[in-house]
Structure formats: C-alpha cells, structure tokens
Amino acid sequence: MAEKPMCIPTQIPDDEDTKEDNIRCLTMFGPFGFECLPHQLVNRSIQQGFSFNLLCVGETGIGKSTLINTLFNTNLKDKKSSHFYPNVELKIQTYDLQESNVQLKLTVVKTVGYGDQINKEASYQPIVDYIDAQLEAYLQEELKIKRSFVDYHDSRIHVCLYFISPTGHSLKSLDLSTMKSIGSKVNIIPLIAKADTISKNDLQKFKCKIKSELVSNDIQIYQFPTDDETTAQVNTSMNGHLPFAVAGSMDEVKVGKRMVRGRQYPWGVIQVENENHCDFVKLRDMLLCTNMEDLKEQTHTLHYERYRCCKLQRIGFTDVGPDNQPVSFQETYEVKRQEFYDQCQREEEVLRQKFMQRVKEKEITFKEAEKELQDKFEQLKRVHQEETIKLEEEKRQLEEEIINFYKMKAGSETFQTQGCASIKKDKERKK
C-alpha cells in the first residue's frame, strides 16, 4: 500500500535522536479532500443539535424571567414567583428552540425565594448543591462501563447570570458569599439588573465599586477569551464593560416611526436594544453569538476537570506514585483495592475484638448476676427453713396444748360425773 503523504508545518530539530521520532513533512501534489472535514463537523453538529444550560441567580422580582425572554426573543411562559418561600428553591425548565436550521435545547434554572429569608446565611447552599450534583452526574456517567454520551443530556451549568440589585452603593453580603461559593464551579457573568432605575453617572460608579469588591474578595468571574485573534479585540473591550447593566422588556414601544422593544416612562423610553441605554445587546452578543461555545468548553475543561480532579484525589487516585513516576489507573485501582481489603480486615479484627470483649464483659456480668441470685436464693432458703422449723415447733406446742386440753376436759367430765352420782345417792338416802 502506498504511503499517504502529509503536509504538516513542523520545525525539524537538529538533534538526530529527535529526528527519528518527528513526523515527516511531505509535499502534496494535489487536493485530498480532508479540507472538507470542518464542513462534516458542522453538518454533524447541526444534525445532533446543541444544548445550553443557563443558571439565573437573583432576588425575587429582579427581572430574571423578563431578561431571559428578551434574550431569546420569545415568551417562555414562566409563572411569577412568591416572596414567601421558607427556603431557597430551584426551578428547572427545558425548552426546544430553533433558529434557521439550528436547534438548541435550552435549560433555564432559576432561583426561587432567593434573598427572601430573614436568615440568609445558607441561601446559597441549594445553588452549590445543584451545581455539584450536575457535575457528579456527568462524572458518574463518564465512569460507567457502558457510556451513552450521544443520548445523555448534559445538565452541567454552562453560565450563571448573577443579578445584582441596582442599589448604587455596594454588593450585599449575600452576593459576595454566593459568588465566592460558586465562582470555582461555574462561569459567572455579573449583571446589574433594572439598570434603567439608576443614572449613568451613578451606574459607572456602581460598576467600579462592584469590580473593586470582586477583586478584594477574590471572587472569580468569567472573562471573555482573548486568545482568538478574530474575537480578541471585541472580547477585551467587553471585559472592560463587566458587570453588564441590563434591562429587559418584551413590550414594543413606538419611537419616531419605528417600533422598538423597551419601557415607556413619563420622561421617555428606555430602548432595550440601544447600547446607549443599557448593555443588553453586549450581553446577548457575548453570551449567544460570540462565546457560547467557549462557555461550554470552559465548563468542561476547567470547572468539571477541577471537580473531577478533587473527587478522584479524595477517593485516593493519583497520577504519580511516591517515586514521582507515572502510575496507571489499573495500578492505582489495585493499590486502593488492596488498601480497602486491608482496611476491611483491620476493621473486622477490631470489631471481632470488641465483640469478644463485649461477650466477656457480658459473661462476667451474667456470672455476677447469677452469683447474686444464687446467694439470694440460699438466703431465702435458709430463712424458709428457719421459718419452717419455727412453725413445726409452734405446731408441736399447739398439739401438746390440745392434748393437755382434752385430758383436762376428760378429767373434768369424770369428776363432774362422779359428783352428780354422789349427789343422787345423797338424795336417795334422804328419802
């Protein structure tokens, strides 16, 4: 079989040993057809469809549902939430969207009751638990013998839109604790919600204040990538606009001779898609048009890999051994299996010793109780014998008294008979 030539632009080193391992660079004399590979990947991806998982964290009534509807230019028919939830909950909804011939499975996860409790210390815990649960589910699917990633719905959160109240002062303690807890687990894009309620000057000061607090509290937020030349300039510019000040609306308002999406106020109209009014267009372009794939890639290569690494290290797996040499997964498994077996043996021995000790203690306790019962029985037996002897003596005395009584009775009757006879003779003589 003829060898297929390759044309790979690699620098050939001078070292002779390295030359043998290097890939040869050959000259192509005509097209081969592998230039169509990107088209094949595009067609395959379009057939399979895409998925995107979005987490919205913010207080009740801050505009999460409105912004999502505005982002995807559709009404997702979400019910309004109450302010009277005892605990923070997560509402998960999945939608099938289509734009041209591209299908998107969109999963929107929203917080319900967030920030409504008097004690807000544990308000972020359900969010952390949910993010970890999705990472764990993917890890368990990955560790299966028979994996089915083609049909598996990846529910890992790709981006978290964190809605900040437009106070104009500083971040709340709940905002800081929540973003600090989830910053290493998910891509966070901070948003200043309802930006139409704050003036431009106050808005810029508020943005600077938020950036300063995020840095001082060591909170990680998503930075748009700048390593791609095609998007480096715009992404660098957008990184400077974070956090985005957004406003959402599905209502159409007439401005001049055209209809735009916005909000009508007595003093004017806030146009949602006007970059001079808010950063909604910047958010939509960065989130959906430019960096959606990077968000998914960062979720897999950064956050999931960090979770996977920590989880496997907690279990005991490692890449290198004590001698700093690479260790295979099978070797690590065998070592952990032997360690687990030895640990089971040790625990079994400890349990056996404890069991024998408990048995001995119970035996001693039972013997002492038996001896105590035996002593008590002997004592009761002696008391019973003494009482029996006493009763026998009393019975004997009583029988003697009865015999003496009968003797006295018999003598009395004899004496009485003799007296009656003598009296009768006396009467007969007198006659």
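Residues numbered from 1 in each chain as written. Predicted model: local features only at pLDDT ≥ 70, side-chain atom pairs only at ≥ 80, totals over all residues. Heavy atoms only, no water.

Engineer: Would you take a moment to explain the packing of helix α3 (residues 64-71) against helix α8 (residues 280-290) for this structure?
Structural biologist: Between α3 and α8, whose axes approach to 11 Å, the crossing angle comes to 65 degrees. Overall, the two elements α3 and α8 adopt an arrangement that is roughly perpendicular. For the crossing formed where α3 meets α8, the hand is right-handed. Residue-level contacts link Leu 67, Thr 70 and Leu 71 of α3 to Phe 280, Leu 283, Arg 284, Leu 287 and Leu 288 of α8. Tallied by class, residues from the contact of α3 with α8 come to 6 nonpolar, 1 polar and 1 charged. (Axes fitted to C-alpha atoms, helices over the stretch in contact; angles between N-to-C directions. Helix = DSSP H or I, 4+ residues; strand = E, 2+ residues; numbered from the N terminus. Parallel < 35°, antiparallel > 145°, perpendicular 65-115°, else oblique. Left-handed = near helix turned anticlockwise from the far one by under 90°. Contact = heavy atoms within 4.5 Å. Nonpolar A, V, L, I, M, F, W, Y, C, P; charged D, E, K, R; others polar.)

Engineer: What should I look at first to understand the nonpolar core in this one?
Structural biologist: Soluble globular proteins: nonpolar side chains tend toward being buried together. Leu 161, Ile 189, Phe 244, Leu 283 and Leu 287 are the most contacted members of the largest nonpolar core, which has 35 residues in total. Per-element accounting of this core gives the leading share, 5 residues, to α8. What Phe 244 contacts, discounting residues up to four positions off in sequence, is Ile 189, Pro 190, Leu 191, Ile 192, Phe 224, Met 238, Asp 279, Lys 282, Leu 283 and Met 286. (Core = buried A, V, L, I, M, F, W, Y, C linked by side-chain atoms within 4.5 Å. Buried < 20%, exposed > 50% of the residue type's maximum accessible area, 1.4 Å probe, protein only.)

Engineer: Sorry if this is basic, but what is going on with the pairing of strand β8 (residues 258-265) here?
Structural biologist: Consecutive side chains of a regular strand alternate in pointing toward one face of the sheet and then the other. Pairing analysis gives 4 bridges linking strand β7 (residues 252-255) to β8, with the strands arranged antiparallel. The residue bridging Lys 254 from the neighbouring strand is Met 259, located in β8. A loop of 2 residues connects β7 with β8, the two strands running antiparallel in sequence, and Gly 256 in this loop sits at a positive phi of about 70 degrees. The antiparallel hairpin formed by β8 and strand β9 (residues 268-271) contains 2 residues in its connecting segment. (Pairing = 2+ DSSP bridges.)

Engineer: Looking at this structure, how should I read the pattern of salt bridges?
Structural biologist: Summed over the entire model, instances satisfying the criterion amount to 16 salt bridges. Linking Glu 349 and Arg 352 is a salt bridge whose minimum nitrogen-to-oxygen distance equals 2.8 Å. Of this pair, Glu 349 and Arg 352 are both found in helix α10 (residues 329-430), 3 residues apart, which corresponds to roughly one turn of the helix. With a closest N to O distance of 2.3 Å, Glu 393 and Arg 396 form a salt bridge. With a gap of 3 residues between them, Glu 393 and Arg 396 both fall in helix α10, about one helical turn apart. Since its relative accessible area comes to 33%, Glu 393 is described here as partly exposed. Taking the relative accessible area as the measure of exposure, Arg 396 reaches 37% and is therefore partly exposed. One network of salt bridges, in which partners are shared, links Lys 207, Glu 275, Asp 279 and Lys 282. (Salt bridge = Lys/Arg side-chain N within 4 Å of Asp/Glu carboxyl O.)

Engineer: In this structure, what is going on with helix α4 (residues 125-142)? I would like to understand it.
Structural biologist: Since the α-helix turns once every 3.6 residues, residues separated by three or four places project in the same direction. Taking 1.5 Å of rise per residue, the 18 residues of α4 would be expected to cover 26 Å, and the 26 Å separating its terminal C-alpha atoms lies within 8% of that figure. The set of residues buried in α4 consists of Ile 127, Val 128, Tyr 130, Ile 131, Asp 132, Gln 134, Leu 135, Glu 136, Tyr 138, Leu 139 and Glu 141. Looking at the packing, one finds that the buried side of α4 touches β1 (50-57), β2 (89-99), β3 (102-112), α5 (173-182) and α9 (292-315). (Expected span 1.5 Å × (residues − 1).)

Engineer: Whenever I open this one, the sheet that holds β7 confuses me. Can you help?
Structural biologist: Within a sheet, adjacent strands bond to each other through the backbone by hydrogen bonds, running parallel or antiparallel. Spatially, 3 strands are ordered β7-β8-β9 in an open sheet, and the strand pairing comes out antiparallel. Only two strands of the sheet have a single partner each, and these edge strands are β7 and β9. Along the sheet, successive strands turn relative to each other by an average axial angle of 70 degrees, direction set aside.

Engineer: Is there a simple way to explain the environment of Arg 261 in this structure?
Structural biologist: By the secondary structure assignment, Arg 261 is in strand β8. Under the relative-accessibility criterion, Arg 261 is labelled buried at 10%. Remark: the alpha-carbon pair of Arg 261 and Val 272, spanning 11 residues in sequence, is separated by 5.8 Å. Those residues within four positions of Arg 261 in sequence are excluded, and the remaining contacts are Thr 70, Asn 73, Ser 249, Met 250, Asp 251, Glu 252, Ile 270, Gln 271, Val 272, Glu 273, Phe 280 and Arg 284. A distance of 3.2 Å separates the side chain of Arg 261 from the backbone oxygen of Thr 70, its partner in a polar contact. (Polar contact = N/O pair within 3.5 Å; in protein donor to acceptor, adjacent residues only side chain to side chain.)

Engineer: Where do I start with the packing of aromatic side chains in this structure?
Structural biologist: We describe a pair of aromatic rings using the distance from one ring centre to the other and the angle between the two ring planes. Summed over all chains, the structure comprises 7 aromatic pairs. Where Tyr 138 meets Tyr 304, the ring centres are 5.0 Å apart and the plane angle is 85 degrees; that geometry is what we call edge-to-face. Of this pair, Tyr 138 sits in helix α4 while Tyr 304 sits in helix α9; the two residues are 166 residues apart in sequence, bridging distant segments of the chain. Take Tyr 138 and Tyr 304: they sit in the same class, and that class is buried. Summarising the aromatic geometry, the rings of Phe 405 and Tyr 406 are spaced 5.8 Å apart at their centres and angled 65 degrees between planes, so their arrangement reads as edge-to-face. Both residues of the pair, Phe 405 and Tyr 406, count as exposed. One aromatic cluster is present, built from ring pairs that chain together Tyr 138, Tyr 152 and Tyr 304. Note that Arg 156 overlies the ring of Tyr 138, its terminal NZ or CZ placed 3.6 Å from the centroid. Taking the ring centre of Tyr 304 as reference, the NZ or CZ of Arg 156 above it sits at 5.0 Å. (Phe/Tyr/Trp six-rings, centres within 6.5 Å; stacked < 30°, edge-to-face > 60°. Lys NZ or Arg CZ within 6 Å of the ring centre and 35° of its normal.)

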